[in-house]
Amino acid sequence: MNPVAHRLSLWLLLAPFLLWMLLLVIVPHLQMLWVSFHVRESWDSSVWGVAQYQTFFSESYYWRTFVRTGVMSLFTTLLTLIVAFPVAWYIARLARGRSKGLLFAACLIPFWASELVRTYGWMILLRESGLISTWLQFVGLTDAPVEMLYNDIAVMTGLVYNGLLFMVVPLVTTLDGLDESLVEAGYDLGGNSWTVLQQIVIPWTMPGITSGCIVVFMLTLGSYLTPVLMGGKDSAWFTEQIFTQFITRFNWEQGAALGVLLLVLSSALVWLGLRLSGQSFRRVMG
Amino acid sequence: MIRSVPRPAWSKRLYFAYLAAFFVYVSLPLLVTAVFSFNDAPFPSLPWRGFTLDWFFADGSAGRTGLFHDDSLLSSLATSGHIAFWVTLVSVTLGCLNAILFERRQFPGKEFLYILMLMPLVIPGVILGVSILVFFSGTANALSDTWGIEWDSLRPGLPLVIMGQVAFITTLCTLVIAARLRKFDRQLEEAAMNLGATPLVAWFTVTLPWLLPAILGAAAMAFLMSFENFNTTVMLTGSDAPLTVTLFNRLREGSTPVLNAVALLLMAGSGLLVGLTLRKPNKQTR
Amino acid sequence: MTPANADRKSVDGEPVNREDGDRNCADLECRGLVRRFGDTAAVDHISLTIPPGQFFSILGPSGCGKTTLLRMLAGFEQPDSGDIYIRDQRMNEVPPNRRPVNMVFQHLALFPTMTVAENIAYGLRRQGVKTAERQQRIKQVLAQVGLPELSDRNPHQLSGGQRQRVALARCLVLEPTLLLLDEPLGALDLKLREQMKIELKHLQKTFGTTFVYITHDQSEALVMSDQVAVMRQGRFDQLASPEELYHNPATPFVASFVGDNNRLPGRVTSVQNGIAAITLANGQSVQGRAAEPGVAAGAAVDLFVRPESMSVKQDHPQQSLTRLSATVSTTLFDGANSRLEMRVGDQTLYARLPQDGRLGAYSAGSVAELSWDPRRAPVFLSGTG
Ligand SMILES: Nc1ncnc2c1ncn2[C@@H]1O[C@H](COP(=O)(O)OP(=O)(O)O)[C@@H](O)[C@H]1O
Ligand SMILES: [Mg+2]
């Protein structure tokens, strides 16, 4: 190809990419940052200021929700990992042939439905008039309806459920590549199940663990439906506050500031996670 | 832990019990949701009052309005389909171009742009929605204030929803298509030219057929993701709400088996789509 | 180099059947081809002429520039200087898809998204051949390569040897002036490779197409070719028939690269009638044929003698031959290829064992008397290869 055509085609490929990136990702986020440093004076004028951030730090309701959301997201991520690992191990290493494919497909089933439908399913199961409560009464374990919805355990159940696929898939993919003779060598050289898991399997699976954890953490932190629909009155999720600012109060400046804070929190924790696990972002995500 | 290392029987039994519990956990909410869409009772809860198709087909005359006679649900279903169509088209096209850009071309700053391309994966969906809302509405306001131009596409509504979803679905499409392109042997293109094809013909007769499974997979994924998205969509939607938003509002008013019917319909739809793309585990994939 | 109008007969003596009229024009002619990557020249002033119908091989160790040369002929690399002519048409500016040249790629490059028949049809479609004729020609070529039943299979459902044949058929069906083959047998296992070698040679004869075959395996080149060019670091060391190459290597590199050879360093004491007398490091004296002008009294040289050129005796060697005593290290039994490993000073030597099965006669530490015809042992100045 002649050099002019070569350069031209490069620009033709770059143009849509840059348009997408700039118009839909970078500039909107810069704009959000810019707006968050403004204070509204009247309906059509605003001035620079850090008042939105001051509000966040001075009102304990905000920063408590913030911390709570972060901590619960981390906890959910860990729980998802623990729940998913044995299943991924079975699918990757023990199941054979057809059953392997079927089990893997079974793990994907929840994702034939949207988060809303999944949450709805849990509501039908857990609420006072729900299936589990009725069943408990039927077998005589209790004699009055039990409310299992609207508490943190319910929220966590739903959140782990939402994250499972994104944990199982990367785990199965990396565990599939593990050479079984490494594990055999581990036992052969005198290791027990615990040391083999800790010194051979987990280091090998680290890229999968990291990528699963990052995705699950991001989804949990940014989730809205599950905590809103399944959570109790006093267990707010941070995304709810952003919604409230934008949709109910029309206080975009405050909402933008909260958005920036959530973004900072998620970036910081992802960065920390990569740091601690010694993985690179590009390898884990790309 | 692996097949070649024997385990005590009780530990095996424990493992299998865990796996069974896991798959119950995974399938129960969806199963329950689906089953209750056929319950002949006004609420999706026990006791079972008999089988009915009212929640799908009742025309409102007997006090029940089935899903297929519920105009607002149907119209939001159409809206969702409309959005998903455009999102699929745009993100798959962008994904193809990006894949070529990153897999085939060398240019300064490539590594940086690739990392940038991955960013939407670690931005919570809510924030993506918020930032796009802030940016485009701000732009619309500025246009209107400064030049008196009213450009309604920039206000909340379908175009904005489509843009918001494209912002992150494009990244996923790019990754899927690029992974396939990476496995392509470039000698095949040379072989095609050697057999008399021009570079363009070689691309369409050899490279594109190779990419096709990935392109179809990416399209199915994009369609589902768009159809099921809530967090980004709810921020950007205008007067005609897509299905997830309508369902959410309905759910807050109280649950009826019509919602179960919609959920079942959605599950069936996505199951069909997934089945279509997974069918024929591509005979050409090596 | 072979003149274009010289021997145009194929190996079995029948004239090669070609449609083109001009019998004097070479199928391929290269003049001073150079291709540089950075500072190093992968192909360094290569010139060659290949008459129609020839099986021409380029033999060299990996990394010597064979693929680069072939890719220039196919049009995937541009020469930095020099010209390529095919049937007297200059090809330098012609894009790959317009050259009358087809190539069998190193890893075959069969299209995985197409069946065998579609793979073969690909080139015909590009030429706009009508469906009926296309199918006819595909059928014919599949029969010729011995795969009549497999047209609807996918390439990955075929065995290595079958894939090989499809790759050949895909090119041959287009009736190219020149067929380029880049180590096509490299991926096959040993047994299949032996079989395909012979089959390729027969196929080339039946089709009468000019083959340019590159390989790093000297046995492939020797068995199949009419002419072999030995390539080293981007240049041709020698271009000759396989026999000539084997018996009269032009350089020490060719002597050691083509076939097995023993190398004995020493110093020339005298040269008479082209026969050089050489004193080895341990004081023994042997004779060989001076293969370079510089081989004169006092020069440091290497003598090359092939294992099968030496006869091994334990007593009364023949008088007319040059002689050498060596200490037996061990015997290497390999059926018809059984050899004797010996030491002369600090040099290791191998000799082919006589076919009388008396392996036991040579025990470790015993002395073997070697002898050979000095004319079959070329002597080169040392350090030139
Ligand atoms: N595209 C390229 N860029 C840089 N160096 C190359 C390229 N292709 C080949 N070379 C170099 O040229 C030399 C010859 O390569 P090649 O023709 O592939 O050798 P062969 O096929 O004989 O093994 C090698 O040293 C190789 O590293
Ligand atoms: Mg090569």
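Right above here is the structure, for reference.
Everything in this summary refers to the structure shown in the same document. (Residues numbered from 1 in each chain as written. Chains lettered and ligands numbered in written order. Predicted model: local features only at pLDDT ≥ 70, side-chain atom pairs only at ≥ 80, totals over all residues. Heavy atoms only, no water.)

Overview of the interface of chain B and chain A
In this complex, chain B contributes 82 residues to the contact, which on the side of chain A involves 84 residues. The junction of chain B with chain A conceals about 7700 Å² of combined surface from both sides, 78% of it contributed by carbon and sulfur atoms. Taken together, the connections running from chain B to chain A amount to one salt bridge. One salt bridge in this structure joins Glu111(B) and Arg282(A), with 2.6 Å as the shortest N-O distance. Taken together, chain B and chain A are joined by 13 residue pairs in polar contact (both at pLDDT 80 or more). Contributions of two or more residues to the side of chain B that touches chain A are made by α1 (9–36), α3 (71–104), α4 (110–118), α5 (125–147), α6 (158–182), α9 (231–236), α10 (243–253) and α11 (257–278) of chain B. Considering each element in turn, the side of chain B that touches chain A owes the most residues, 14 residues, to α1(B). Across the side of chain B that touches chain A, the residue classes tally to 60 nonpolar, 15 polar and seven charged. (Contact = heavy atoms within 4.5 Å. Buried area = accessible area lost by both parts, 1.4 Å probe. Salt bridge = Lys/Arg side-chain N within 4 Å of Asp/Glu carboxyl O. Polar contact = N/O pair within 3.5 Å; in protein donor to acceptor, adjacent residues only side chain to side chain. Helix = DSSP H or I, 4+ residues; strand = E, 2+ residues; numbered from the N terminus. Nonpolar A, V, L, I, M, F, W, Y, C, P; charged D, E, K, R; others polar.)

Details of the state of the cysteines
All names here are of chain B. Considering all chains together, one arrives at zero disulfides over all chains under this definition. Of the cysteine sulfurs around Cys173, a residue in no disulfide, the closest is that of Cys96, at 8.6 Å. Cys173 sits in the buried class, given a relative accessible area of 0%. (Disulfide = S-S within 2.5 Å. Buried < 20%, exposed > 50% of the residue type's maximum accessible area, 1.4 Å probe, protein only.)

Quick word on the sheet that holds strand β18 (residues 347–352) of chain C
All names here are of chain C. Ordered by their spatial adjacency, five strands build an open sheet running β15-β19-β16-β17-β18, and the pairing between neighbours is antiparallel. The strands lining the two open edges of the sheet, one partner per strand, are β15 (311–313) and β18. Shown here is a sheet whose adjacent strand axes are inclined to one another by a mean of 45°, direction ignored. As defined by bridge partners, strand β16 (residues 322–332) adjoins strand β19 (residues 367–372) across six bridges and the pair is classed as antiparallel. Note that in β19 the partner of Ala326 across the bridge is Ala368. (Pairing = 2+ DSSP bridges. Axes fitted to C-alpha atoms, helices over the stretch in contact; angles between N-to-C directions.)

Focus: helix α7 (residues 187–194) of chain B
Burial of α7(B) is extensive: seven of the eight residues sit out of reach of the surface. Inspection of α7(B) places Leu188(B), Glu189(B), Glu190(B), Ala191(B), Ala192(B), Met193(B) and Asn194(B) among the buried residues, and these make up the whole buried set. The elements touched by buried residues of α7(B) are α3 and α8 (199–228) of chain B together with α1 (66–74), β6 (101–104), α2 (116–126) and α4 (160–172) of chain C. Taken from the residues just after α7(B), Gly196(B) is the one with a positive phi, measuring 110°.

What to know about empty space enclosed by the protein
The full count for this structure, using the stated rule, is three cavities of 30 Å³ or more. Reported here for the largest cavity is a volume of approximately 60 Å³. Lining of the largest cavity is provided by Leu116(A), Val117(A), Tyr120(A), Leu247(B), Leu251(B), Leu259(B) and Ala263(B). Contributions of two or more residues to the lining of the largest cavity are made by α5 (115–126) of chain A together with α10 and α11 of chain B. Element by element, the count of residues in the lining of the largest cavity is highest for α5(A), at three residues. Residues of the lining of the largest cavity, tallied by class, amount to seven nonpolar, no polar and no charged. (1 Å grid on protein atoms, 1.4 Å probe; cavity = no way out; pocket = protein on both sides within 12 Å on 5 of 7 lines; lining within 4 Å. Points joined across faces, edges and corners; volume = space filled by probe spheres on them.)

Focus: the interface of chain B and chain C
Where interface size is given, it is often the accessible area lost as the parts come together that is meant. Between chain B and chain C, the contact holds 20 residues from the first and 24 residues from the second. Area buried by chain B at its contact with chain C is led by Glu190(B), Asn194(B) and Leu195(B), which between them contribute 35% of it. Between chain B and chain C we count one salt bridge in total. Two residues, Glu190(B) and Arg71(C), come together in a salt bridge whose shortest N-O distance is 2.7 Å. For the pair chain B and chain C, the number of links is four residue pairs in polar contact (both at pLDDT 80 or more). Within the residue set of the side of chain B that touches chain C, elements represented by two or more residues are α7 and α8 of chain B. Counting residues per element, the side of chain B that touches chain C draws most heavily on α7(B), which supplies seven residues.

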